Amino acid sequence: MISAFNTPVTILSMGFGRDLRAIPRRMEFEGRMVEFIDNGLRTTIQRGEKMAQILAMSDGNRTFHLRSDNHGGSWTLIGIN
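Caption draft 1: Just the packing of aromatic side chains, in detail. Summed over the entire model, instances satisfying the criterion amount to 2 aromatic pairs. Ring centres 5.3 Å apart and planes at 80 degrees place the aromatic pair F5 and F29 in the edge-to-face group. Placement of the pair is F5 in strand β1 (residues 3-16) and F29 in strand β2 (residues 22-29), with a sequence separation of 24 residues. For F29, a relative accessible area of 8% gives the class buried.

Caption draft 2: Here's a closer look at the pairing of β2. As paired strands, β1 and β2 are joined by 6 bridges and run antiparallel to one another. Across the sheet, I11 pairs through a bridge with M27, a residue of β2. Hairpin geometry of β1 and β2 is characterised by an intervening segment of 5 residues between the two adjacent antiparallel strands and by a positive phi of about 65 degrees at L20. Two strands pair when backbone bridges link them, and β2 and strand β3 (residues 32-35) are joined in this way by 4 bridges, in the antiparallel orientation. Across the sheet, M27 pairs through a bridge with V34, a residue of β3.

How each quantity is defined
- Residues numbered from 1 in each chain as written.
- Predicted model: local features only at pLDDT ≥ 70, side-chain atom pairs only at ≥ 80, totals over all residues.
- Heavy atoms only, no water.
- Phe/Tyr/Trp six-rings, centres within 6.5 Å; stacked < 30°, edge-to-face > 60°.
- Helix = DSSP H or I, 4+ residues; strand = E, 2+ residues; numbered from the N terminus.
- Buried < 20%, exposed > 50% of the residue type's maximum accessible area, 1.4 Å probe, protein only.
- Pairing = 2+ DSSP bridges.

Written out as C-alpha cells, the structure is:
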C-alpha cells in the first residue's frame with residue numbers, strides 16, 4: 001500500500017553515487033529524521049526542457065519515493081510504501 005503525499009521535504013545530508021549524482025542520505029519528514037540505508041533506485045524523466053529524477057529510497061522498514069526537480073536542490077516526497 002502506498003501513501004501519497006506530494007509534500008516538499010528537507011534533505012539534511014547528501015552523498016554521491018559512482019556517477020557523481022546527488023543521493024539523499026538523511027531527510028526530515030514530519031519533524032523526524034529519516035536515514036536511508038542504500039543508494040536506492042533512480043530514474044530520470046525529461047519533458048521538453050524540464051528534467052526530474054525519481055528515487056525509491058529505503059530506511060530499512062519503508063520505501064520513500066522522492067522527486068527532485070532541480071538537480072538535487074528541491075525535493076518532494078511523493079509516496080511511502
